[in-house]
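Chain by chain, the residues:
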Amino acid sequence: MTNFISEIKRTHSCGALRATDAGQTVVLFGWVASRRDHGGAVFIDLRDREGLTQVVFEADVSTEVQALAHELRLEFVIGVRGVVKNRGGNVNPKLATGSVEVHATELCIFNRSEAVPFPIEDRVDTAEEKRLAYRYLDLRRAPLQQALITRSRMNTLTREVLSAQRFLELETPFLVKYTPGGARNFLVPARLNPGKFFALAESPQIFKQLFMVAGFDRYFQIVKCFRDEDLRLDRQPEFTQIDIEMSFVEQNDVFTVVEGLLSKLWKEILGVELPTPFQRMPYDESMRLYGNDKPDLRFGMPHHDLTALARSHEGGSVALFAETIAQKNGLLKAMVVPASANLSRADAEKLEELARSMGAKGLARAKIAEDGSWTQSPLAKTITPELRLAINAQVGAKAGDLLLLQMGPAAQVHTVMANLRVHLGKKLGLIPPHGSGGQWRFLWVVDPPLFEYDEEAQRFVAAHHAFTRPHDTDVQYLETDPERVKCWRYDCVLNGFEIGGGSIRLHDPAVQARVFKAMGISDEEAETKFGFLLQALRYGAPPHGGIAIGMDRLAMLLTGAESLRDVIPFPKTQKGSDLMTDAPGDVEERQLRELFVKSVAPPSTR
RNA sequence: GGGGUGUUAGUUAAGCUGGUUAUAACGCUGCCCUGUCACGGCAGAGGCCAGGGGUUCGAGUCCCCUACACCCCGCCA
């Protein structure tokens, strides 16, 4: 038997051969993706990351090769030498290499495979639980390979685009000091410092600012971040950001860099020309029309704020309205489902279920009749005709339309209505359940408030972080009307996903002190928590700002993947565990002692 | 912490108002087959119906609990 590997080298990938290669002797290496054994002739589809090629073992090859060929099974790893032949009229249109086949003269089985636990096919119908347990097999599937290959290209392109603009790729530590606020940190016991802990960096935020103070001017990094929070379809505990920070810039400069980068990615990877600059929308408008700060602009169905109208009608004799407008944060919002949607009563009841599952008390509905009256509605009898007509007019409801109403504390109304809107967008076919549908609606959400009121803590807290620069024109309200202060923070949104966010930083120590004061943070407290940054800012910090772009989400949207898990090689489950390695796992008592750590987990969980 | 969906051969599923031997397809094993590409033919193996408890003469099927996976709220930029 020929000595493959050491003497015979691969000449082509399994996706390379074309009709013009006919007559060549080639060597292919790969996995058996399918086999069709006719006794006299054996057909194999050989797979590597580039594609599939049909290999034929005919009766006229040596008896040893014949015998070996019959032994081939799915997922055997083999090497084949043979002659490329044109298949003439007998092409397989499903394969890129379908016009040719390799007539094997030599075969080497590098390794056999046990029967795999699930079929390695492009289309997925295996339970994700199984796929994750055998991730290395799942990763043999072409769609997953393509997704990761795309990610690799994204990395390369990002480095190219940013390096060409004088950005330096600099590294920051993962093991950092715990700082309060924001996402929950993973903690790492510090063996050399008994009783002390590192935090895994939730982002390089502070360090990249220090790069600016140090004078590096333009920084970027493709970097892992760690957040110990609950997972979602688009959230993993460890994820990758394209982290960027720039000196001597204002918001528009950051936008230009990001728009240039994303345009390049879309052009090179999808061949799509993105219109720039991206649309911009004030945060307030986004909340008013869509109930969240990451609106999907691929479809309409905006919300209507009826609070003021209800107030001017003193509740219109609807008890729930009156109750809502009496609350400090009470909000009454409506959404119109057009008559053309043809929602059945059962559909509407399911919507109410959905609303309840998100904490709503219910979902008031009203069907608009020809004369503008309401039917199928508990409110129909009590509401004053004046308010009813005024509402119809404000929302522009026509006969047959269904009005969905939500009232209560603003935050809850927003959550419910925002999710309902997206749900209906999918249900009514305005957007596909997954993927872009070929529409790329990029958006900058800008000018959010600097503070939000924390009901629990009874004070204002930073909506983003405490180092965001307020608008100069609003600085005067820091003491008198903090809620009115808008800031230079921005989110980049694509089709309802937040794909990036950042801010222009506050580099003026005097304003910084006033911001802390408005948040009820004493000088002392600020010094203990953020001392090193505050000190750095006192030694000549340039005006600076930046952004972090969620690489995984970008990859998910770019590849049309349904989940972040499909663009991360080794993702975690919803409970944050790894089904392949069974992490997190137990450790020995001795290891804990060494770290000066004691577990107080209930025995049942150990 | 809460709400929802699911768990039946290796895989994907069917299994009705509870009824005695739990089906099918693919995969797997053996034999046959020179033009397949969803190859075909014949024969065969393969099940703690997620786990535990209950109701019942009898449970894959009904009830409760638990575990795991997924989606969502809370949480998280």
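Scroll up for the structure.
Here is what the cut-offs are and how they apply
Residues numbered from 1 in each chain as written. Chains lettered and ligands numbered in written order. Predicted model: local features only at pLDDT ≥ 70, side-chain atom pairs only at ≥ 80, totals over all residues. Heavy atoms only, no water. Helix = DSSP H or I, 4+ residues; strand = E, 2+ residues; numbered from the N terminus. Buried < 20%, exposed > 50% of the residue type's maximum accessible area, 1.4 Å probe, protein only. Lys, Arg positive; Asp, Glu negative; His and termini not counted. Charge placed at Lys NZ, Arg CZ, Asp CG, Glu CD. Axes fitted to C-alpha atoms, helices over the stretch in contact; angles between N-to-C directions. Parallel < 35°, antiparallel > 145°, perpendicular 65-115°, else oblique. Left-handed = near helix turned anticlockwise from the far one by under 90°. Contact = heavy atoms within 4.5 Å. Pairing = 2+ DSSP bridges. Patch = residues over 30% accessible without salt bridge, like charges linked within 9 Å, V, L, I, M, F, W, Y side chains within 5 Å. Areas by Shrake-Rupley, 256 points an atom, 1.4 Å probe, with all protein chains shown as cover. Salt bridge = Lys/Arg side-chain N within 4 Å of Asp/Glu carboxyl O. Core = buried A, V, L, I, M, F, W, Y, C linked by side-chain atoms within 4.5 Å. Expected span 1.5 Å × (residues − 1).

Engineer: Summarise the overall build of chain A; cite the residues concerned and give the values.
Structural biologist: In terms of regular secondary structure, chain A is built from 16 helices and 23 strands. Taken along the three principal axes of its C-alpha coordinates, chain A extends 95 × 70 × 55 Å. For chain A, the proportion of its 606 residues judged to be buried stands at 48%. For chain A, the separation between the mean place of its 73 positive charges and that of its 78 negative charges on side chains is 1 Å.

Engineer: Explain the packing of helix H13 (residues 509-518) against helix H14 (residues 523-537) to me, and be specific about the residues and the numbers.
Structural biologist: Two elements in contact, H13 and H14, have axes whose closest approach is 12 Å; the angle formed by their N-to-C orientations is 165°. Between H13 and H14, the angle falls in the class roughly antiparallel. The handedness of the crossing between H13 and H14 comes out as right-handed. Where H13 abuts H14, its residues Pro 509, Gln 512 and Phe 516 lie against Ala 526, Phe 530, Leu 534 and Leu 537.

Engineer: Give me the sheet that holds strand E7 (residues 175-176): which residues, what numbers.
Structural biologist: What the three strands build is an open sheet, ordered E7-E9-E8; its pairing is antiparallel. Strand pairing shows two members of the sheet lacking a second neighbour, E7 and strand E8 (187-189), which therefore form its edges.

Engineer: Break down a nonpolar patch on the surface for me, with residues and values.
Structural biologist: Among the surface-exposed residues, Phe 174, Leu 175 and Phe 198 lie close enough to one another that they form a single nonpolar patch of about 260 Å² accessible area. Looking at the element boundaries, Phe 198 is found in strand E9 (residues 197-200).

Engineer: Please provide a residue-by-residue account of the nonpolar core, values included.
Structural biologist: Counting residues in each nonpolar core, the largest one holds 45 residues, and the members touching the most others are Leu 262, Trp 266 and Phe 442. With nine residues, helix H6 (residues 251-270) is the single largest residue contributor to this core.

Engineer: Can you break down the sheet that holds strand E11 (residues 238-247) residue by residue, with the values?
Structural biologist: Strand order across the open sheet formed by eight strands is E6-E10-E11-E23-E22-E21-E18-E12, with mixed pairing between neighbours. A strand with exactly one partner marks an edge of an open sheet, and here the two such strands are strand E6 (168-169) and strand E12 (279-282). When strand E22 (residues 497-504) meets strand E23 (residues 544-550), the two strands line up antiparallel, connected through five bridges. Across the sheet, Gly 502 pairs through a bridge with Ile 547, a residue of E23. Sitting on the sheet, helix H7 (residues 283-290) touches E12 and strand E18 (442-446), and the angle it makes with E12 is about 80°.

Engineer: Describe helix H12 (residues 410-427), naming the residues involved and giving the relevant values.
Structural biologist: Across its 18 residues, H12 extends 25 Å between first and last C-alpha, which sits within 8% of the 26 Å expected from 1.5 Å per residue. Those residues of H12 that fall on the buried side of the exposure criterion are Ala 410, Val 413, His 414, Val 416, Met 417, Ala 418, Leu 420, Arg 421, Leu 424 and Gly 425. With its phi angle positive at about 75°, Gly 429 sits one or two positions after the end of H12.

Engineer: How would you explain unusual backbone geometry if you had to name every residue and give the values?
Structural biologist: A cis amide bond, omega -5°, links Thr 276 with the succeeding residue Pro 277. Structurally, the position occupied by Pro 277 is in the loop between H6 and E12. Across the junction of Ala 583 and Pro 584, the peptide omega takes the value 0°, indicating a cis bond. With respect to the element layout, Pro 584 can be found in the loop between helix H15 (551-559) and helix H16 (589-595).

By themselves, these figures tell us nothing about what the structure is for.
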